[in-house]
Amino acid sequence: MYKERYRSHHDASRNLKTYFEDKTHSKETYVLTELHQGNDRPFVIYIHVPFCNKICSFCPFHRPDQLKRTTYHKYIIEELEAMKNYPYFKKEVSAINFGGGTPTALKPYQMKEILKYLKNNFIYSKDIEISVETSITELTDDMIDVFIEGGVNRLSIGVQTFNDSYRKILNRRGTGAKAIETIKKVIAKGIRNTSIDLLYNLPFQTKNDLLEDLKIIDSLKLAGISFYALMIHEKTPLAKNLSEAALASMKNVQHELEMFQLILDYLRPKGYEVLELTKLVRDKIDEYKYMEIRHSLGDCVAIGHGAGGNIGCYVYRNSCEYPMLSQTKVGSMGKILKDKYFILDKMIYDMQKNSIALSNYSKELGMDLEDILKNLLDEYVKEGYITLVEDGFVLTDLGMFFGNNIIADLINEIISR
């Protein structure tokens with residue numbers, strides 16, 4: 001068994017951009033060509049809001065001081081305005097995702113202006129997914145009404161836990177009872193596709209503590225949950241305040257595995273099934289189109305400070321601290337990558353979804369993956385991580401737990417060839 005667990009999907013693809021950078025083309029020329037000629041690739045829009053009304057004790061993210069929150073909606077609309085008239089955008093947008101930070105750190109009128117602008121200036125697919133990440137305390141009646149009026153049909157709520165003692169440790173605002181009340185209200189008002197984030201393996205958290213959270217999740221009939229083991233980042237308030245004993249308790253991989261298994265064992269009989277390594281969905285309500293398209297050879301147009309995405313083979317991040325590519329609102333912090341990067345990115349996402357057929361990727365990569373990966377796959381069978389099936393494999397529950405480790409090793413083996 002792996003002695004250390006990779007907890008983030010980023011660990012599985014950390015080196016890909018370095019291996020597959022294409023330096024033969026000008027970034028600016030490439031992007032302008034893509035924007036001017038148009039194409040039939042599906043695309044999504046990602047809007048990043050780099051603000052929070054309160055900082056969680058475990059959060060390591062940078063927040064820019066030079067941006068004014070009160071005018072940030074204008075900043076977003078200016079970026080959209082500069083992009084909308086390119087031929088590239090004369091096709092339907094399949095999904096829009098507001099992430100952060102906390103997008104609802106903006107005021108309801110700011111969210112209303114952005115949503116109104118998007119609807120009036122872009123072509124929506126008939127089944128578009130419009131998703132917003134939010135915390136509980138900003139889900140006021142006014143904000144919910146703005147969402148419904150603006151077409152928002154998916155919410156991802158950062159609850160983390162309903163336990164008030166742990167909420168205090170994590171520096172979350174509001175009580176667990178308030179969270180329950182708000183979630184019920186949102187669903188009753190019509191946003192049925194409502195999911196939450198759940199943290200587990202908290203300092204000294206017991207299985208009974210986690211079970212109480214799971215009982216509440218079941219009672220709420222959510223569309224899904226994203227569940228993550230708490231990661232301790234250096235220099236965060238939580239890292240500075242935790243005792244050595246607390247940190248040691250969280251490094252117990254066996255205990256973390258038992259809590260992971262408890263989540264699966266409790267929620268599967270309630271109608272939840274695996275969508276990704278760290279995501280369960282109920283009755284297929286949540287399709288998570290934004291991620292599906294983004295990691296299935298589609299484009300992700302990034303808007304706002306800190307937003308990351310890709311236009312064709314140009315993978316980039318926007319930042320108010322660096323210039324945009326001229327004539328566009330596309331960040332200059334980016335690389336043109338070779339086609340094989342995107343094939344492997346899709347392969348990684350397939351494995352994140354718990355199973356994979358290898359023959360198509362063998363064909364696209366021009367290599368016999370079943371032969372190249374045979375030794376690793378045989379070892380994973382012995383360890384109980386996977387079950388071999390015709391043309392590929394399925395992850396066991398133990399394999400899901402170590403899924404990011406497994407994916408990283410398989411991808412590194414492919415790259416080494």
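Basis of the calculations
- Residues numbered from 1 in each chain as written.
- Predicted model: local features only at pLDDT ≥ 70, side-chain atom pairs only at ≥ 80, totals over all residues.
- Heavy atoms only, no water.
- Axes fitted to C-alpha atoms, helices over the stretch in contact; angles between N-to-C directions.
- Helix = DSSP H or I, 4+ residues; strand = E, 2+ residues; numbered from the N terminus.
- Parallel < 35°, antiparallel > 145°, perpendicular 65-115°, else oblique.
- Contact = heavy atoms within 4.5 Å.
- Buried < 20%, exposed > 50% of the residue type's maximum accessible area, 1.4 Å probe, protein only.
- Pairing = 2+ DSSP bridges.
- Phe/Tyr/Trp six-rings, centres within 6.5 Å; stacked < 30°, edge-to-face > 60°.
- Salt bridge = Lys/Arg side-chain N within 4 Å of Asp/Glu carboxyl O.
- Nonpolar A, V, L, I, M, F, W, Y, C, P; charged D, E, K, R; others polar.
- Arc of directions from axis to C-beta.
- Polar contact = N/O pair within 3.5 Å; in protein donor to acceptor, adjacent residues only side chain to side chain.

A closer look at the packing of helix α4 (residues 108–121) against helix α5 (residues 141–150)
Two packed helices can be described by the angle between their axes and the distance between those axes.
Piece 1. Close contact between α4 and α5 brings their axes to 9 Å; oriented N to C, the two are set at 5 degrees. When the interaxial angle is binned, α4 and α5 end up roughly parallel. Seen from α4, the contacting residues are Pro-108, Met-111, Lys-112 and Leu-115; seen from α5, they are Asp-142, Met-143, Val-146, Phe-147, Glu-149 and Gly-150.

Side note on the pairing of strand β2 (residues 92–100)
Piece 1. Where burial is concerned, most of β2 is hidden: seven out of the nine residues are buried.
Piece 2. For strand β1 (residues 43–49) and β2, the ladder comprises seven bridges, and the chain directions are parallel. Along β2, the bridge assignment pairs Ile-47 with Phe-98.
Piece 3. Bridging between β2 and strand β3 (residues 123–134) involves six bridges; their strand directions are parallel.

Re the packing of aromatic side chains
Piece 1. Applying the stated rule across the entire model yields 17 aromatic pairs.
Piece 2. Judged by centre distance (5.4 Å) and plane angle (50 degrees), the ring pair of Tyr-2 and Phe-402 falls under tilted. Remark: Phe-402 occurs in the loop between α17 (397–401) and α18 (403–416) and Tyr-2 occurs in the segment before α1 (16–19); sequence separation between them is 400 residues. Here Tyr-2 matches Phe-402 in class, with each residue buried.
Piece 3. When the centroid spacing of 5.7 Å and the interplanar angle of 75 degrees are considered together, the rings of Phe-43 and Phe-89 count as edge-to-face. Of this pair, Phe-43 sits in strand β1 while Phe-89 sits in the loop between α3 (72–83) and β2; the two residues are 46 residues apart in sequence, bridging distant segments of the chain. Of the two residues, Phe-43 and Phe-89, neither departs from the other in class, the shared state being buried.

Here we look at the pattern of salt bridges
Note on pairing: side chains with opposite charge can pair once their charged atoms come close.
Piece 1. Counted under the stated rule, the structure contains 24 salt bridges.
Piece 2. Among the salt bridges present, the one from Glu-81 reaches Lys-84, with a minimum N-O distance of 3.4 Å.
Piece 3. Look at Glu-81 and you get partly exposed, because its relative accessible area is 37%.
Piece 4. When the shortest N-O distance is used, the salt bridge between Arg-154 and Asp-286 registers 2.9 Å.

Concerning unusual backbone geometry
Piece 1. A cis amide bond links Gly-100 to the next residue, Gly-101, at an omega of 25 degrees.
Piece 2. Relative to the helices and strands, Gly-101 is located in the loop between β2 and α4.
Piece 3. One non-glycine residue, Lys-221, adopts positive backbone phi at about 55 degrees.
Piece 4. According to the relative accessible area criterion, Lys-221 is partly exposed, its value standing at 42%.
Piece 5. The phi dihedral of Asn-354 falls on the positive side, at around 95 degrees, and the residue is not glycine.
Piece 6. When you line up the elements, Asn-354 lands in the loop between α13 (339–352) and β13 (355–357).
Piece 7. With a relative accessible area of 14%, Asn-354 lands in the buried category.

Thoughts on the packing of α3 against α4
Piece 1. Where α3 contacts α4, the axes come no closer than 9 Å and their chain directions differ by 10 degrees. In terms of orientation, α3 lies roughly parallel with respect to α4. Of α4, the residues touching α3 (which contributes Tyr-72, His-73, Ile-76, Ile-77, Leu-80 and Glu-81) are Tyr-109, Gln-110, Glu-113, Ile-114, Tyr-117 and Leu-118.
Piece 2. Grouping the constituent residues of the contact of α3 with α4 by class yields eight nonpolar, two polar and two charged.

As for α5
Piece 1. Listed in full, the buried residues belonging to α5 are Met-143, Ile-144, Val-146, Phe-147 and Gly-150. Considered in projection along α5, the buried side chains sweep an arc of 160 degrees and stay on one side of the axis. Structural note: α5 exposes Asp-142 and Glu-149 on the side pointing more than 90 degrees away from its buried face.
Piece 2. Its buried side turned inward, α5 meets α4, β3, β4 (154–160) and α7 (176–188).
Piece 3. Immediately downstream of α5, the backbone of Gly-151 shows phi near 90 degrees, a positive value.

Some remarks on the sheet that holds β13
Piece 1. Overall, antiparallel pairing links the three strands, which are arranged β13-β15-β14 in an open sheet. Each having just a single partner strand, β13 and β14 (386–389) make up the two edges of the open sheet. Pairwise comparison of adjacent strand axes, ignoring direction, gives a mean angle of 20 degrees for this sheet.
Piece 2. Strand contacts of α13: β13 and β15 (392–395), with the helix running at about 135 degrees to β13, the strand carrying the most contacts.

Regarding the environment of Ser-332
Piece 1. Tracing the backbone shows Ser-332 in the loop between β11 (314–317) and β12 (333–336).
Piece 2. As a C-alpha pair, Ser-332 and Ile-76 span 256 residues in sequence and 17 Å in three-dimensional space.
Piece 3. When neighbours within four sequence positions are excluded, Ser-332 is seen to be in contact with Lys-27, Tyr-314, Tyr-322, Pro-323, Met-324 and Leu-325.
Piece 4. Among the polar contacts listed, one links the side chain of Ser-332 to the backbone oxygen of Pro-323, at a separation of 2.5 Å.

Some details on the side chain of Ser-135
Piece 1. One can find Ser-135 in the loop between β3 and α5.
Piece 2. In this structure Ser-135 comes out as buried when scored by relative accessible area, which is 12%.
Piece 3. Excluding its chain neighbours within four sequence positions, the residues that come into contact with Ser-135 are Thr-102, Thr-104, Ile-157, Gly-158, Arg-172 and Arg-173.

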